[in-house]
Amino acid sequence: MTSISKELREELSRHFVIQPITLEEHQKSNDGTIKNAVKLFDGNVVESVLIPTDSRTTACVSSQVGCSLDCKFCATSRLKRMRNLTAAEIVDQVSLIDQQSKRDFNHPLSNIVYMGMGEPLLNFNNVVDSVKKITTPHPNGLGMSPRRITVSTSGIPKMIEKLADENLRVGLALSLHSAIEEKRNKIMPFSEKFPLEDILDSLRYWYDKTGSRITIEYIIWKDINDTKEDMNALVRFCQRVPVKVNLIEYNSIGDPEFQQAPPEITDAYIAALERHNIIVNVRRSRGKDIDAACGQLANKNKLTVN
Ligand code: SF4
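Throughout what follows, the structure given in this document is the object of discussion. Model, not experiment: these values are computed from the prediction.

Criteria and cut-off values
Residues numbered from 1 in each chain as written. Predicted model: local features only at pLDDT ≥ 70, side-chain atom pairs only at ≥ 80, totals over all residues. Heavy atoms only, no water. Near = heavy atom within 4 Å. Nonpolar A, V, L, I, M, F, W, Y, C, P; charged D, E, K, R; others polar. Salt bridge = Lys/Arg side-chain N within 4 Å of Asp/Glu carboxyl O. Helix = DSSP H or I, 4+ residues; strand = E, 2+ residues; numbered from the N terminus. Buried < 20%, exposed > 50% of the residue type's maximum accessible area, 1.4 Å probe, protein only. Patch = residues over 30% accessible without salt bridge, like charges linked within 9 Å, V, L, I, M, F, W, Y side chains within 5 Å. Areas by Shrake-Rupley, 256 points an atom, 1.4 Å probe, with all protein chains shown as cover. Lys, Arg positive; Asp, Glu negative; His and termini not counted. Charge placed at Lys NZ, Arg CZ, Asp CG, Glu CD.

1. Let's talk about the site of the ligand
- If you check the shell around the ligand, you find Cys67, Leu69, Cys71, Cys74, Thr76, Ser77, Gly118 and Ser154 and nothing else.
- In the shell around the ligand, the residues fall into four nonpolar, four polar and no charged.

In structure tokens:
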């Protein structure tokens, strides 16, 4: 910074440190998806993903090093939670992907999802600060619209309400995966503490406060949630609060218990939801060949240090 005096530069370096993330490694998938392994100042590594389509680029960012929750189908759950990311470390992942998007796809980053490693609502303050920084106009922020940001949670009712109170104007996604309590508790054991009724209450609170429809993220596994009973339970859940459903293609993490259900089951889910006028989309996973797809982020190439 040669535009400021030498004395001030020395004074600044005595009192402050700048700790940017560094790109440790990146891999590009056959479908254009880029997975970044970024190193933090303390040697920990997290992953973030650039997902391109013809007209837009989405960044999937991490909010924690590892995760303290225990979703059985998720590779990140196998990593111990080391620490929360700072707001700056989250914003840095976004800036890096914006640069990559401009360089490789000739357009800036258009959307951000907080769906990488970690549970964003368990790093609440830093996630909120990062959203504020991303949505603050230039030159103090990245100047992105909050409407293009989605915070995804595995379902912590009190924190969903707290996020609604922040009035950030971002979208909310809930990883549901089963609307049958006992079944959900088996797939996501931590959720025993958070009954579906409480989650529904918090979603209604979110909708009343923000007016924004919640996205339900739902993976269909063979022999786990592929029956009529599962479909009916999801329909009943979705009738109780304004939502849209994303059926997400599953990517194996090497556990034989979790296998993607056959396409006819997905079709049956779509038919059941549409019969009740519930909006449903099928989300094909991207970056499978480089373990960058949903649930696959596990620092496979770079293990966390410490
Ligand atoms: S799905 Fe999300 S909340 Fe669940 S273990 Fe994986 S990173 Fe954590």
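2. Quick word on the pattern of salt bridges
- Counted by the stated rule, this structure contains 16 salt bridges.
- Among the ionic pairs, lysine 35 bridges to glutamate 47, the shortest N-O distance being 3.8 Å. Here lysine 35 is found in strand E2 (residues 34-39), whereas its partner glutamate 47 is found in strand E3 (residues 45-52), with twelve residues between them in sequence. Comparing lysine 35 with glutamate 47 shows no difference in burial state: the two are buried.
- Two residues, arginine 83 and aspartate 42, come together in a salt bridge whose shortest N-O distance is 2.6 Å. Taken together, the residues span a long stretch of sequence, with arginine 83 in strand E6 (residues 83-84) and aspartate 42 in the loop between E2 and E3 at a distance of 41 residues.
- You can call arginine 83 buried: its relative accessible area is 16%.
- Residue classification places aspartate 42 among the partly exposed residues on the basis of a relative accessible area of 26%.

3. Looking at a positive patch on the surface
- A surface patch of like charges, here positive, comprises Arg56, Arg148, Arg213, Lys244 and Arg283.
- Position of arginine 56 relative to the elements: it lies in the loop between E3 and strand E4 (57-60).

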